[in-house]
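If you want the building blocks of each chain, they are given just below.
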Amino acid sequence: MKETILLTKHMRENPEDSHLLKSYEKNGGYKGVKKVLKSGTPESVLEEIKSSNIRGRGGAGFPTGVKWGFLAEDQERYLVINADESEPGTFKDRILLERDPHQLIEGMIITCFAANISKAFIYIRGEYAKPARRVQSAVEQAYEKGYLGKNIFGSSMDLDIVVHLGAGAYICGEETALLNSLEGRRGEPRLKPPFFPAVKGLYNKPTLVNNVETISSVPWIMNNSGKDYASLGVEGSTGTRIFSLSGHINNPGNYEIEMGSSFGEFVESLGKGVRNEKSIKAYIPGGASAPWLRGDQLDVKMTIDDVANEGSMLGSGAVVMMDEDTNLLFAAKSLVSFFAHESCGQCTPCREGTTWLENILDRIASGRGRASDIDLLLDVCDNISPGLTWPPKMTTICPLGPSATASIVSLMKDFRSEVEVLLPKKVVVS
Amino acid sequence: MTWENARIDKAKEIIEMYPQKRSALGPLLYLAQDKDGYISDDSIVEISRLIGITEVQVQSVASFYSMYKQEPTGKYLLSVCKSISCEISNSSNVIQKVKEFTNLSNNETDDEGLFTYESVECIGACGGAPAIQVNYETVEGLTPEKAVDLCKWLKEEQPKVVVADELQLKFGGTKSFDWAIEDKTGSSSPVPGFQTYEMQEEI
């Protein structure tokens, strides 16, 4: 199994200065946007993106071309890049921001051309200080060259980009919470409908919200073609994707691959196997929100649809491998604590439920578990996400609450005995 | 203590970047924290005046986000990650050692105002777990011992600017990916060093 290098090509070939405009341009950068501005039309760009069949890389996997097509007509429209990468296990946008910021900027210019947008934002999570500096400096270089600002590349197009730092709230990765945050409000998700960003987004104006990796793919698609992109990967999961591999792995890291190989091949070949020749007990196929798969499910193919068929999701492309020695109760506790900490507090099932889950797991972990605790955990989960299905049924505005149930449901479904041994026996009164 | 003129000028410059004034609230809160180490009552009054919203609205936003600090923060904010990839890579040992060395519990600051300790959720360094941030500069591939060495070094050297590359070279191990680009920039206060707000300096 080999990587397929599209998005990470420039940074690999020019490791020392891939963040600089002169290096990006010398190696074919900004060629795509120049071509588009000279001879393209917004319709032709949209057509290429649609024919590439690229699906959003933030987690939800929505077809990008369709999303762009939804953008409502208005004098004032915005593009917002979601660089609030905070899904535990994920560090793929970090490398794109740090090492190839101009690829993102070029993708943004093409996107804004296609959608007739003249103001764009890059919302970067606050903890990504260094990536934010790199992006800000790249934006400044682009302004100096006339690639941003008024009449960019000598065309009639204007575009301003503002780099905006978040302040440590995972929920702002949810697009409507992100928009609230960018408006200087608490990062609380908005109800959809009516607040679909494409219709009522930033300042209530039509807004495209796209992930860093998605927009970084746009220059390659325009330099080549939508059809070329669609020929990579498999149907429904076209192109390449950067997976963040972490956990008990010899060679963790970001890997750009065509979707369609199995998780097992990925771990053996690129991850160089499991540390200390152990076996995998369980793994997370797509970030902290995704239900776990078992070690005997490593033959599952890494595509959006295959993982969904197994009752989980490919999500943000974060693969976390847990070996045979992992204490899965502690793993679940860490995941649930995360969601409890990050709940915005708007919806009762999530605000109260995640805290309950955290408290119950805490007491089991510290040896004070009760015989009824497993039932109680599942009951609380069921109150947040009725039926405990995946994709989840929602009692909340956004999927954060239901995501908190994923690890507990996985734990109880496949590894229940690991928890049961920690609990006192149920007393049966005859 | 109200804001000095230079800071007000900077604030106005930031407000100009946005189509609506209120969008500048987040950046202005960082501007407040950069000088004072936390969001003071005076800053809340000042920001509400600059943006034209109420003090309660400013406070409501400031209290929502974990990176806006309600109390004075030490010169070095130590944020140890405890999310899944770090958790299964024994971050609890790093947490224990850092707590022992600094003699601090979660979200506490020492009497000298040198360290503030916090355990935090995922900082995007999962491939180099376990990881820590010092004033939001990331160090990956830590061991409990190296984490203590890092704290000792900060205490002895008290660098004006915290630079990720320098700390990584001295105390880090496995990285999430090759950082490749040499970088001497860093953070000079317990807020993310980001040049728009002039909180970033070179060593």
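What you see is a predicted model; the values in this text were computed from it and never measured. (Residues numbered from 1 in each chain as written. Chains lettered and ligands numbered in written order. Predicted model: local features only at pLDDT ≥ 70, side-chain atom pairs only at ≥ 80, totals over all residues. Heavy atoms only, no water.)

(A) Up close: the sheet that holds strand E2 (residues 108-109) of chain B. Residue and element names in this part refer to chain B. Strand order in the open sheet made by the five strands is E2-E3-E1-E4-E5, with mixed pairing throughout. The open sheet has two edge strands with one neighbour each: E2 and strand E5 (137-139). Where strand E1 (residues 76-81) and strand E3 (residues 115-120) come together, six bridges link them in parallel fashion. Bridge pairing in E3 links Leu 78 to Tyr 117. (Pairing = 2+ DSSP bridges. Helix = DSSP H or I, 4+ residues; strand = E, 2+ residues; numbered from the N terminus.)

(B) Main features of the interface of chain A and chain B. Tallying the contact residues gives 69 residues for chain A and 52 residues for chain B. Carbon and sulfur atoms make up 57% of the area that chain A and chain B hide from each other, which totals about 4,800 Å². Linking chain A with chain B are four salt bridges. The partner of B:Glu137 in a salt bridge is A:Arg133, with the nearest N and O atoms 3.0 Å apart. (Contact = heavy atoms within 4.5 Å. Buried area = accessible area lost by both parts, 1.4 Å probe. Salt bridge = Lys/Arg side-chain N within 4 Å of Asp/Glu carboxyl O.)

(C) Structural context of helix H17 (residues 373-384) of chain A. Residues and elements named next belong to chain A. Over its 12 residues, H17 extends 17 Å from the first C-alpha to the last, a length consistent with the 16 Å expected when each residue adds 1.5 Å. Listing the buried residues of H17 in full gives Asp 373, Ile 374, Leu 377, Val 380, Cys 381 and Ile 384. What you see down the axis of H17 is that its buried residues fit within an arc of 130 degrees, all on one side. On its buried face, H17 sits against helix H16 (348-365), helix H18 (400-414) and helix H19 (416-420). (Expected span 1.5 Å × (residues − 1). Buried < 20%, exposed > 50% of the residue type's maximum accessible area, 1.4 Å probe, protein only. Arc of directions from axis to C-beta.)

(D) Looking closely at the confidence of the model for chain B. Here chain B shows a mean pLDDT of 94. Residues at 70 or above account for 95%. Scored as a complex, the prediction yields pTM 0.97 and ipTM 0.96. (pLDDT = per-residue confidence, 0-100.)

(E) Summary view of the domain arrangement of chain A. Residue and element names in this part refer to chain A. Partitioning chain A into structural domains gives domain 1 (9-230), domain 2 (240-323) and domain 3 (328-420). Between domain 2 and domain 3, the C-alpha centre-to-centre distance is 23 Å. Across the boundary between the two partners, domain 2 contributes 13 residues, which contact 14 residues of domain 3. Of the roughly 1,200 Å² buried where domain 2 meets domain 3, counting both sides, 69% is carbon and sulfur surface. Inspection of the region where domain 2 meets domain 3 yields two salt bridges. A salt bridge links Asp 414 to Arg 294, with the shortest nitrogen-to-oxygen separation between them at 3.3 Å. At the boundary of domain 2 with domain 3, the tally comes to four residue pairs in polar contact (both at pLDDT 80 or more). Tallying contributions element by element places strand E9 (residues 280-284) first for the side of domain 2 that touches domain 3, with three residues. (Domains from an automatic or database assignment. Polar contact = N/O pair within 3.5 Å; in protein donor to acceptor, adjacent residues only side chain to side chain.)

(F) Spotlight on the nonpolar core. Formed by 149 residues in total, the largest nonpolar core has its most connected members in A:Ile122, A:Ile124, A:Trp292 and B:Leu28. With nine residues, helix H7 (residues 101-115) of chain A is the single largest residue contributor to this core. Ranked by size, the runner-up nonpolar core spans 22 residues in total, among them B:Val98, B:Phe115, B:Trp153 and B:Val162. (Core = buried A, V, L, I, M, F, W, Y, C linked by side-chain atoms within 4.5 Å.)

(G) Looking closely at the packing of aromatic side chains. Considering all chains together, one arrives at 20 aromatic pairs over all chains under this definition. On the numbers, 5.1 Å between centres and 85 degrees between planes, the contact of A:Tyr24 with A:Tyr30 is edge-to-face. In textbook terms, an aromatic cluster arises when at least three aromatic residues are bridged by ring pairs, as seen for A:Tyr24, A:Tyr30, A:Tyr147 and A:Phe153. Above the face of the A:Phe243 ring, A:Arg241 is positioned so that its terminal group lies 5.9 Å from the ring centre. Here the basic side chain of B:Lys175 rests over the ring of B:Trp179, its NZ or CZ set 5.2 Å away from the ring centre. (Phe/Tyr/Trp six-rings, centres within 6.5 Å; stacked < 30°, edge-to-face > 60°. Lys NZ or Arg CZ within 6 Å of the ring centre and 35° of its normal.)

(H) Here's a closer look at the pattern of salt bridges. Residue and element names in this part refer to chain A. In this structure the tally under the stated criterion is 40 salt bridges over all chains. For Lys 281, the salt bridge is made with Glu 418, and the minimal N-O distance between the two is 2.8 Å. Linking Lys 281 in strand E9 with Glu 418 in helix H19, this pair joins segments that are 137 residues apart in sequence. Each of Arg 57, Lys 92, Asp 93 and Glu 213 takes part in salt bridges that share partners, so that together they form one network.

(I) Structural view of unusual backbone geometry. The omega torsion across A:Lys192 and A:Pro193 is -10 degrees, close enough to zero to call that bond cis. Along the chain, A:Pro193 turns up in the loop between helix H9 (175-182) and strand E4 (207-211). Looking along the chain, the bond that leaves B:Ala129 and enters B:Pro130 is cis, with omega of -5 degrees. Topologically, B:Pro130 is positioned in the loop between E3 and strand E4 (132-134).

(J) Layout of the sheet that holds strand E1 (residues 78-83) of chain A. Residues and elements named next belong to chain A. Strand order in the open sheet formed by four strands is E3-E2-E1-E4, and the pairing between neighbours is parallel. Strand pairing shows two members of the sheet lacking a second neighbour, strand E3 (160-165) and E4, which therefore form its edges. Recorded for the sheet is a direction-independent mean angle of 20 degrees between the axes of neighbouring strands. Bridge analysis of strand E2 (residues 119-124) against E3 gives six bridges, and the strand direction is parallel. For Ile 122, the partnering residue across the bridge sits in E3 and is Val 163. (Axes fitted to C-alpha atoms, helices over the stretch in contact; angles between N-to-C directions.)

(K) Focus on the packing of helix H6 (residues 91-102) of chain B against helix H7 (residues 144-157) of chain B. Residue and element names in this part refer to chain B. Relative orientation of the contacting elements H6 and H7 amounts to 30 degrees, with a least axis distance of 8 Å. In terms of orientation, H6 and H7 fall into the roughly parallel class. Note on packing geometry: the crossing formed by H6 with H7 is right-handed. Touching Asn 93, Val 94, Lys 97, Val 98 and Phe 101 of H6 are Pro 144, Ala 147, Val 148, Cys 151, Lys 152 and Lys 155, all from H7. In terms of residue class, the contact of H6 with H7 is made up of seven nonpolar, one polar and three charged. (Parallel < 35°, antiparallel > 145°, perpendicular 65-115°, else oblique. Left-handed = near helix turned anticlockwise from the far one by under 90°. Nonpolar A, V, L, I, M, F, W, Y, C, P; charged D, E, K, R; others polar.)

(L) Fine view of helix H15 (residues 328-342) of chain A. Residues and elements named next belong to chain A. Here H15 is 15 residues long and its end C-alpha atoms lie 21 Å apart, about the 21 Å a rise of 1.5 Å per residue gives. By the criterion of burial, H15 is predominantly enclosed, with 13 of the 15 residues buried. By the N-cap criterion, in which a side-chain oxygen at the helix start approaches the backbone nitrogen of a residue two or three places on, H15 is capped by Asn 327, the distance to Leu 329 being 3.0 Å.

(M) Representation of a nonpolar patch on the surface in the model. Residues and elements named next belong to chain A. Nonpolar side chains collect at one region of the surface, where Phe 62, Val 66 and Phe 70 lie side by side and expose about 270 Å² of accessible area between them. Mapped onto the secondary structure, Phe 62 falls in the loop between helix H4 (42-52) and helix H5 (64-70). For Phe 62, a relative accessible area of 38% translates into the label partly exposed. (Patch = residues over 30% accessible without salt bridge, like charges linked within 9 Å, V, L, I, M, F, W, Y side chains within 5 Å. Areas by Shrake-Rupley, 256 points an atom, 1.4 Å probe, with all protein chains shown as cover.)

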